[in-house]
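Observations on the three-dimensional arrangement
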Amino acid sequence: MKLSRFALLACALSLPALLAGCSSDMNANKSANASASPAATASTPATQTLTVAERPQKIKDQMAGRGEEDKASPVLKIAEPAANATIKGSTVRVRLNLSGDLKGYKPHKDPSTKMGNHIHVILDNQPYEAYYNLDEPFELRNVSAGAHTLRVFASRPWHESYKNDGSFQMVTFNVEGGGDPSKPTTTAAGEKMADNRSAASNANAANANTTTNANTATAAATPEGKEMAVSAGGAVDKSKPLLTYSRPKGEYTGDDTSAIMIDFWLSNAKLQSDGGDYRVRYSVDGGEAKYIDKWEPIWLAGWTSSKGLCGEADD
Ligand SMILES: [Cu+2]
């Protein structure tokens, strides 16, 4: 059998990236450490030795082809939902305004390559989904009742985020009523945003908080879903250091497996080589912890193939 299919799934990879030295303050993705790994059971792959590699030539060529666009400073504003809005029902409409020094940057999916600039949209602490056409609202359907956090940031066709001020935005909102917790939250196109398995208990936690102290209503545990374990990080606090995980995600095949990018967004934290105090720690498949000291994507080479059981779309 030819193993031509490499699968590296966000849910199977368990690639925790956290800000070392501030773990008690870290809001997001702490639970990645503990995420269940249903994949890679069929065969034991060869020992994987990952090394930091150069940015792949294919990406360098794409950057060169984009000219000035790659140096754009896109600024996003979340027009909907409004901060602290209460939304009745279970459908949440997301609308974004894009401005800034764009240098031609425009989200758009090329129909032939199925690629293009896009926005990463993250509900609570879930893997992102891609948003390509800002002229149409991005709908979250079957959103569970309770407090939610929405995070967005501008991305390139190869999923590397723009890291300028204003590219990242975050808003907290509340859903009253909510959807069917036995079914996942999806986009209008049916892509899964959250599986809601833990939504019910989180909604209860939110209610408990509301009863005791209205101010802490949004500080309830963030709902988790998909294959991620429930985060022990607590609710997102905009004033604290926050790492928002972005890549890798989905399935990597063929050429794309030669080097795989780790990319994330940092708020309220500067890494050591950028003149700050923080380091980002990551490990792959529970392996040795490594550090990132400069806020830029890294590419890792040396992946062995493994088959995943949960198929995520790679966008
Ligand atoms: Cu992307």
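The notes below deal with the structure included here. (Residues numbered from 1 in each chain as written. Predicted model: local features only at pLDDT ≥ 70, side-chain atom pairs only at ≥ 80, totals over all residues. Heavy atoms only, no water.)

This part is about the overall build of the chain. Along the chain, the regular secondary structure elements total three helices and 17 strands. Of all intrachain contacts in the chain linking residues separated by at least 6 positions in sequence, the fraction that spans at least 24 positions is 72%. When the accessible surface of the chain is totalled, it reaches about 14,200 Å², and 49% of it is carbon and sulfur. (Helix = DSSP H or I, 4+ residues; strand = E, 2+ residues; numbered from the N terminus. Contact = heavy atoms within 4.5 Å. Areas by Shrake-Rupley, 256 points an atom, 1.4 Å probe, with all protein chains shown as cover.)

The protein atoms that coordinate the copper ion are His118 (NE2), His120 (NE2) and His159 (ND1), at distances spanning 2.0 Å. All donor residues of the copper ion come from one chain, and their arrangement in sequence is H-x1-H-x38-H. Placement of histidine 118 in strand 6 (residues 118–123) and of histidine 159 in the loop between strand 9 (146–155) and strand 10 (168–177) is noted, with a sequence separation of 41 residues between them. Judged by relative accessible area, which is 9%, histidine 159 ranks as buried. (Donors = N, O, S within 2.8 Å, 3.2 Å for Na, K, Ca; no water. Buried < 20%, exposed > 50% of the residue type's maximum accessible area, 1.4 Å probe, protein only.)

Glycine aside, negative phi is the norm for most residues, and most peptide bonds take the trans geometry. A cis amide bond links glutamate 80 with the next residue in sequence, proline 81, at an omega value of -5 degrees. Here proline 81 lies in the loop between strand 3 (73–80) and strand 4 (86–89). Cis geometry marks the peptide bond from arginine 247 to proline 248, where omega comes out at 5 degrees. With respect to the helices, strands and loops of the structure, proline 248 is situated in the loop between strand 13 (242–247) and strand 14 (259–267).

Backbone hydrogen bonds are what pair the strands of a sheet, in a parallel or an antiparallel way. Pairing in this open sheet of five strands is mixed, and the strands run 4-10-9-6-7 from one edge to the other. Edge positions in the open sheet fall to strand 4 and strand 7 (129–131), since each of these has one partner strand only. Neighbouring strand axes in the sheet, compared pairwise and without regard to direction, differ in orientation by 35 degrees on average. For strand 4 and strand 10, the ladder comprises four bridges, and the chain directions are parallel. When the bridges of strand 10 are listed, threonine 86 appears paired with asparagine 174. (Pairing = 2+ DSSP bridges. Axes fitted to C-alpha atoms, helices over the stretch in contact; angles between N-to-C directions.)

In a structure, side chains of opposite charge can pair up when their charged atoms sit close to one another. All told, the structure shown has 19 salt bridges when counted by the stated rule. Residues aspartate 70 and arginine 66 are paired through a salt bridge, measuring 3.2 Å at the closest nitrogen-oxygen approach. With respect to class, aspartate 70 is no different from arginine 66; both count as buried. Three or more residues are tied together by salt bridges with common partners; here these are Arg55, Arg66, Glu69, Asp70, Arg156 and Glu160. (Salt bridge = Lys/Arg side-chain N within 4 Å of Asp/Glu carboxyl O.)

Turning our attention to the pairing of strand 9. For strand 9, a buried count of 10 out of 10 residues is recorded, marking the element as mostly surrounded by other parts of the structure. Alignment of strand 6 against strand 9, held across six bridges, turns out to be antiparallel. The residue bridging histidine 120 from the neighbouring strand is phenylalanine 153, located in strand 9.

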